[in-house]
Amino acid sequence: MTKKNIQKKISVEIVKDTGIILAPNKQRVILRPYIPVNESRIERVISRVLSLNESDVLDKLKNVLEKFSHRHHNLEFLLESQFKTVRKYMPTDASLSHERRLLIGSFFWSEYSFESAALFNPSIIPHPDQSKLADGSLRFIISLRATGEGHISSLTFRSGIIDENCNIKLDDPSIFASSAEMKADALYNKTVFIRKLCEMNIHSNFSNQILGSIPDEFTMEELTAKIKFFIIDQKPLTQPEKLTIEKIKWLAQCNYEADFAHSVPLSERVLFPLSPSEQNGIEDARFTLFTDDDGSCRYLATYTAYNGREIFPQLLETENFDHFKMTTLNGNSAINKGMALFPRKIDGRFAMISRKDNENLFLMYSDNIHFWHEAELIMKPLYSWEFLKIGTCGSPIETEYGWLLLTHGVGAFRQYSIGAILLDKDDPSKILGRLSEPLIQSTETNRSGYVPNVVYTCGALIHQNNLVIPYAMSDQQSAISLISMPDLIQKLLKKRNWPK
């Protein structure tokens, strides 16, 4: 057996498969508004329902409730709310029966099976609630990219407990699911907003006229009212001025907040795309439990927003998984996919690993988490399994030996494999160790799927001297494996002065 084959065999042997599989469930659905663009069509649908006699209304509503009540919480409330949305298209102000209003509302909802195609690219973090656990146990959250019809990706969650012996038990997911509601009165910081406009090269005397008198913290409603007032008060706008207004609106819509009721179980929560930059997906969230300078903690995740044509790196922030804040990341280094935050500041600055050129790994620092300009190349592809490109597989994990960073490499036939490097704790630009062979790679049993030959993770954690690593197989379903940390560190530190 050659030295290369021995190395590969050892890499495989330190990975323990738990046998856990997270598979997509096409029966889990969320409600999405179905409002035809043509207003006259909306009016015609309403008129058809108005033409029914009350007996027919009761019969048809009964059929709707029988088919859909077991798939959605508070269905009657949802039908009533959708009726209120289209009420302005009513041909009359006549009062309607409760049942007729519900029936009208039912024609303007549709179901979306958000994970019918795939449940993949997981990230794992400690749960904010660690109460009532046995000694040595940890409650965790796994975030997953769920993909449905039209390859639209959203973010969904699972939870579970790992005990002192690293036995993992996942909580059963609910049969119900619901999407987040956009927070109407979310606040924007004027200074940050204007700086983002500058980064987009659209801040000017014209935009300053719109934003000049707006409060230091403002809401979308205040911004919209200001724009409306400005347009009414001005002479006809030029085309560049119209474009500037559209871009101001776009930026505001891409920086938003979303809420779930605290009573909604975690596994029912679905972050479905809500902004223009996310129209086709919220992709590959890399979560980390970030510790601020004052010792307080919050969950941060970088993710890729995709509008069907372009990708935009964005930041997600939450303290409790009830309330989420989504913001754009700006700067000439905040580009491409695969940005991953360090879980604390380094020398007083935010730090991030990125792949800004779609091929190599870079280390970035910033004084402001929203703006990234500095980028230092720290690692290039070296081994054949990563010849095409390398990237991050989640945020760096702090250990006593240094920062453990899981990486992915892309090799022949676009095979994705998971590897690892160890970075110096004080100066992460220094690579202390680098695996020459993958930790995890596709096998004959998992290589076929939505995207063949791919294994991929967006984050792992350490528990009881084991690396707990959930990972996707062929962009379709996910598994969980355990890796001995002592064995992994020993392999990483076996050689020093690795070439970059």
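Residues numbered from 1 in each chain as written. Predicted model: local features only at pLDDT ≥ 70, side-chain atom pairs only at ≥ 80, totals over all residues. Heavy atoms only, no water.

Caption draft 1: How the structure looks around the overall build of the protein. For the protein, the helix and strand inventory stands at 10 helices and 31 strands. With the C-alpha coordinates aligned to their principal axes, the bounding extent of the protein is approximately 85 × 60 × 45 Å. Among the 500 residues that make up the protein, the fraction classed as buried is 52%. Taking as baseline every contact in the protein between residues at least 6 positions apart, the subset at least 24 positions apart corresponds to 62%. Just so you have it, the protein exposes about 23400 Å², and 49% of that area is on carbon and sulfur atoms. If you average the places of the 58 positive and of the 60 negative side-chain charges in the protein, the two averages end up 6 Å apart. (Helix = DSSP H or I, 4+ residues; strand = E, 2+ residues; numbered from the N terminus. Buried < 20%, exposed > 50% of the residue type's maximum accessible area, 1.4 Å probe, protein only. Contact = heavy atoms within 4.5 Å. Areas by Shrake-Rupley, 256 points an atom, 1.4 Å probe, with all protein chains shown as cover. Lys, Arg positive; Asp, Glu negative; His and termini not counted. Charge placed at Lys NZ, Arg CZ, Asp CG, Glu CD.)

Caption draft 2: Representation of empty space enclosed by the protein within the structure. Inspection of every chain in the model, using the stated rule, returns 1 cavity of 30 Å³ or more. Considering only enclosed or pocket space, the largest cavity measures out at about 40 Å³ in volume. Every residue along the wall of the largest cavity is listed here: D284, R286, T302, Y303, T304, P313, N336, K337, G338 and M339. Elements that contribute at least two residues to the lining of the largest cavity include exactly β14 (281–291) and β15 (297–306). Here the lining of the largest cavity takes 3 residues from β15, the largest share from any one element. Of the residues in the lining of the largest cavity, the class split is 3 nonpolar, 4 polar and 3 charged. (1 Å grid on protein atoms, 1.4 Å probe; cavity = no way out; pocket = protein on both sides within 12 Å on 5 of 7 lines; lining within 4 Å. Points joined across faces, edges and corners; volume = space filled by probe spheres on them. Nonpolar A, V, L, I, M, F, W, Y, C, P; charged D, E, K, R; others polar.)

Caption draft 3: Structural detail: the layout of surface pockets. The calculated volume of the largest pocket comes to roughly 710 Å³. H73, L78, S178, S179 and E181 are the residues nearest the centre of the largest pocket, which is lined by 27 residues in total. At the level of elements, β2 (30–33), α4 (75–86), β8 (178–179) and β9 (181–182) are the ones that each hand at least two residues to the lining of the largest pocket. When residues of the lining of the largest pocket are assigned to their parent elements, the largest contribution, 4 residues, is made by β2. By residue class, the composition of the lining of the largest pocket is 15 nonpolar, 7 polar and 5 charged.

Caption draft 4: Just the side chain of H72, in detail. Checked against the element boundaries, H72 lands in the loop between α3 (54–68) and α4. Other than its neighbours up to four places away in sequence, H72 contacts V29, I30, L31, L78, E111 and F176.

Caption draft 5: Focus on the sheet that holds strand β20 (residues 361–366). Overall, antiparallel pairing links the 4 strands, which are arranged β18-β19-β20-β21 in an open sheet. The open sheet terminates on both sides in strands that have one partner only, identified here as β18 (340–341) and β21 (376–379). Of the strand pairs in this sheet, β18 and strand β19 (residues 350–354) are connected by 2 bridges, and their pairing is antiparallel. Across the sheet, the residue bridging to L341 is M352, located in β19. (Pairing = 2+ DSSP bridges.)

Caption draft 6: Here's a closer look at the packing of helix α8 (residues 220–233) against helix α9 (residues 239–254). One way to put it is that α8 packs onto α9 with a least axis distance of 11 Å and a crossing angle of 175°. When the axes of α8 and α9 are compared, the pair comes out roughly antiparallel. Between α8, through M220, L223, I227 and I231, and α9, the contact on the second element is made entirely by I245, I248, K249, A252 and Q253. Split into classes, the residues belonging to the contact of α8 with α9 amount to 7 nonpolar, 1 polar and 1 charged. (Axes fitted to C-alpha atoms, helices over the stretch in contact; angles between N-to-C directions. Parallel < 35°, antiparallel > 145°, perpendicular 65-115°, else oblique.)

Caption draft 7: Fine view of the pattern of salt bridges. Overall, the coordinates contain 20 salt bridges when judged by the stated rule. Across the salt bridge formed by R298 and D292, the nearest N and O atoms sit 2.9 Å from each other. Since its relative accessible area comes to 14%, R298 is described here as buried. Salt-bridge contacts for E398 lead to R344; the nearest nitrogen and oxygen are separated by 2.9 Å. (Salt bridge = Lys/Arg side-chain N within 4 Å of Asp/Glu carboxyl O.)

Caption draft 8: A look at the environment of L103. By the element assignment, L103 lies in helix α5 (residues 98–106). In the structure, L103 is positioned 53 residues away from L50 in sequence and 9.8 Å away in space, judged by C-alpha atoms. Among residues more than four places away in sequence, those in contact with L103 are V49, L52, V57, K60, L61 and V64.

Caption draft 9: Highlighting the packing of aromatic side chains. For the coordinates displayed, the defined rule picks out 16 aromatic pairs. On the numbers, 5.4 Å between centres and 75° between planes, the contact of Y112 with F272 is edge-to-face. Of this pair, Y112 sits in strand β3 (residues 109–112) while F272 is found in the loop between β13 (269–271) and β14, placing the two residues 160 residues apart along the sequence. Here the aromatic rings of F321 and F324 are separated by 5.9 Å at their centres, their planes lie at 80°, and the arrangement is edge-to-face. F324 shares its class with F321; the two are buried. Among the aromatic residues, those joined into a ring-pair cluster are F157, F260, F287, Y299, F321 and F324. The ring centre of F371 lies 5.4 Å from the NZ or CZ of K196, which sits over that ring. A cation over a ring is seen here: K345 above F350, with NZ or CZ 4.7 Å from the ring centre. (Phe/Tyr/Trp six-rings, centres within 6.5 Å; stacked < 30°, edge-to-face > 60°. Lys NZ or Arg CZ within 6 Å of the ring centre and 35° of its normal.)

Caption draft 10: Representation of the packing of helix α6 (residues 190–199) against α9 within the structure. At a closest axis distance of 11 Å, the pairing of α6 and α9 adopts a crossing angle of 125°. Looking at the two axes, α6 sits oblique to α9. When you trace α6 past α9, the crossing you get is right-handed. Contacts between α6 and α9 involve F193, K196 and L197 on the former and, on the latter, I248, L251 and A252. Its residues assigned to classes, the contact of α6 with α9 shows 5 nonpolar, no polar and 1 charged. (Left-handed = near helix turned anticlockwise from the far one by under 90°.)

In short, the description is geometric, and any link to function would need to be established separately.
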